[in-house]
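# Structural characterization, general
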Amino acid sequence: MTTLLVIAKEPVPGRVKTRLCPPFSPAQAALLAEAALADTLAVVAGLPAERRVLVLDGTARDWLPAGFDVVPQGAGPLDERLAAAFSLSAGPALLVGMDTPQLSAALLAPVLAPRAWHEHDAWFGPAADGGFWALGLAVPDPELLRGVPMSVPETGAAQRRRLVDAGLRVGDLPTLRDVDTAADARLVARDTAGSRFAALYARLVPATSDPDRADGCRPRPGDGSSPAGPR
């Protein structure tokens, strides 16, 4: 069985999804981040796993479903924090982030299949912005992440190359889009009908407005509360 790791930041206005502002307000951006995180956790909660761990920068709130251990993120830059997350597991581990509410059991099925780790030593899910949304390791060696340049367009290529250079057999997952900008949010909401993220996006951006303009995302009553129910 595989340990499932979700690395996330508590959705606090001004600390998450700042590239959504504008057109969204910091409070709205935090609500969208919370919805994306809740959708992600709901999917992971329904998957077979040795253990489910939320590696969190901040405090868990009512968006956290049952069945997760909560562990604080390690200190340092992102590569060190990812390395620390993988050190939580002695056996196969798969890490995903909080920025892809389009995550589904079908997307992760290859990693959780009975022979997933017989034929592959690592699994890699590239992101459209050049990063990655998923990383699985049969033997979670933190050194496979330390020193990889993070948050640059070459991050995903550098991380995958690190795996290949280590002699690992890498299985590739589909490319997904992170929710970083208003354009990303629009495209992901379009592709995730029925999700908490899509429902909130529809509330914040009326269908008649231009989602890339600030006048389509003015604060509305209730923007400071939790978004609609989970998927």
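Small disclaimer: the values here were computed from a predicted structure and weren't measured.

The rules behind each value
- Residues numbered from 1 in each chain as written.
- Predicted model: local features only at pLDDT ≥ 70, side-chain atom pairs only at ≥ 80, totals over all residues.
- Heavy atoms only, no water.
- pLDDT = per-residue confidence, 0-100.
- Contact = heavy atoms within 4.5 Å.
- 1 Å grid on protein atoms, 1.4 Å probe; cavity = no way out; pocket = protein on both sides within 12 Å on 5 of 7 lines; lining within 4 Å.
- Points joined across faces, edges and corners; volume = space filled by probe spheres on them.
- Helix = DSSP H or I, 4+ residues; strand = E, 2+ residues; numbered from the N terminus.
- Nonpolar A, V, L, I, M, F, W, Y, C, P; charged D, E, K, R; others polar.
- Pairing = 2+ DSSP bridges.
- Axes fitted to C-alpha atoms, helices over the stretch in contact; angles between N-to-C directions.
- Phe/Tyr/Trp six-rings, centres within 6.5 Å; stacked < 30°, edge-to-face > 60°.

Right, let's get into the confidence of the model for the protein chain. In this model, the protein chain carries an average pLDDT of 90, and 89% of its residues clear a pLDDT of 70 or more. Every residue in residues 214-231 is under pLDDT 50, and counting partners more than four places away or in other chains gives 48 contacts.

Taken as a whole, this structure holds one cavity of 30 Å³ or more when the rule is applied. Looking at the largest cavity, its volume works out to about 30 Å³. Taken together, L4, L5, V6, V44, L94, L95, V96 and L108 form the lining of the largest cavity. Elements that contribute at least two residues to the lining of the largest cavity include exactly β1 (3-9) and β4 (93-96). When its residues are assigned to classes, the lining of the largest cavity shows eight nonpolar, no polar and no charged.

What follows deals with the environment of F86. Along the polypeptide, F86 turns up in helix α2 (residues 78-86). Apart from residues no more than four positions distant in its own chain, F86 is found in contact with L5, A93, L95, L135, L137, P140 and L145.

With that settled, consider the sheet that holds strand β6 (residues 132-137). A sheet is described by the order of its strands in space; here seven strands give the open sequence β3-β2-β1-β4-β6-β5-β7, paired in mixed fashion. Of all the strands in the sheet, the pair left with one neighbour each is β3 (69-72) and β7 (170-172). In this sheet, neighbouring strand axes are inclined to one another by 20° on average, regardless of whether the strands run parallel or antiparallel. Looking at chain direction, β4 and β6 are connected through four bridges and run antiparallel. Within the sheet, the bridge partner assigned to L95 lies in β6 and is L135.

Evaluated as defined, the whole model comprises two aromatic pairs. Look at F24 and Y201: their rings are 6.2 Å apart centre to centre, the planes differ by 55°, and that puts the pair in the tilted class. In this pair, F24 is assigned in the loop between β1 and α1 (26-45) and Y201 in helix α7 (residues 196-204), connecting sequence segments 177 residues apart. Here F124 and F132 contribute two aromatic rings whose centre-to-centre distance is 5.7 Å and whose plane-to-plane angle is 45°, an arrangement assigned as tilted.

Across the junction of C21 and P22, the peptide omega takes the value -15°, indicating a cis bond. By secondary structure assignment, the location of P22 is in the loop between β1 and α1. For the bond running from P22 to P23, omega is 15°, close enough to zero to count as cis. With respect to the secondary-structure elements, P23 resides in the loop between β1 and α1. Even without a glycine there, the phi angle at K17 is positive, about 50°. For K17, the location among the structural elements is in the loop between β1 and α1.

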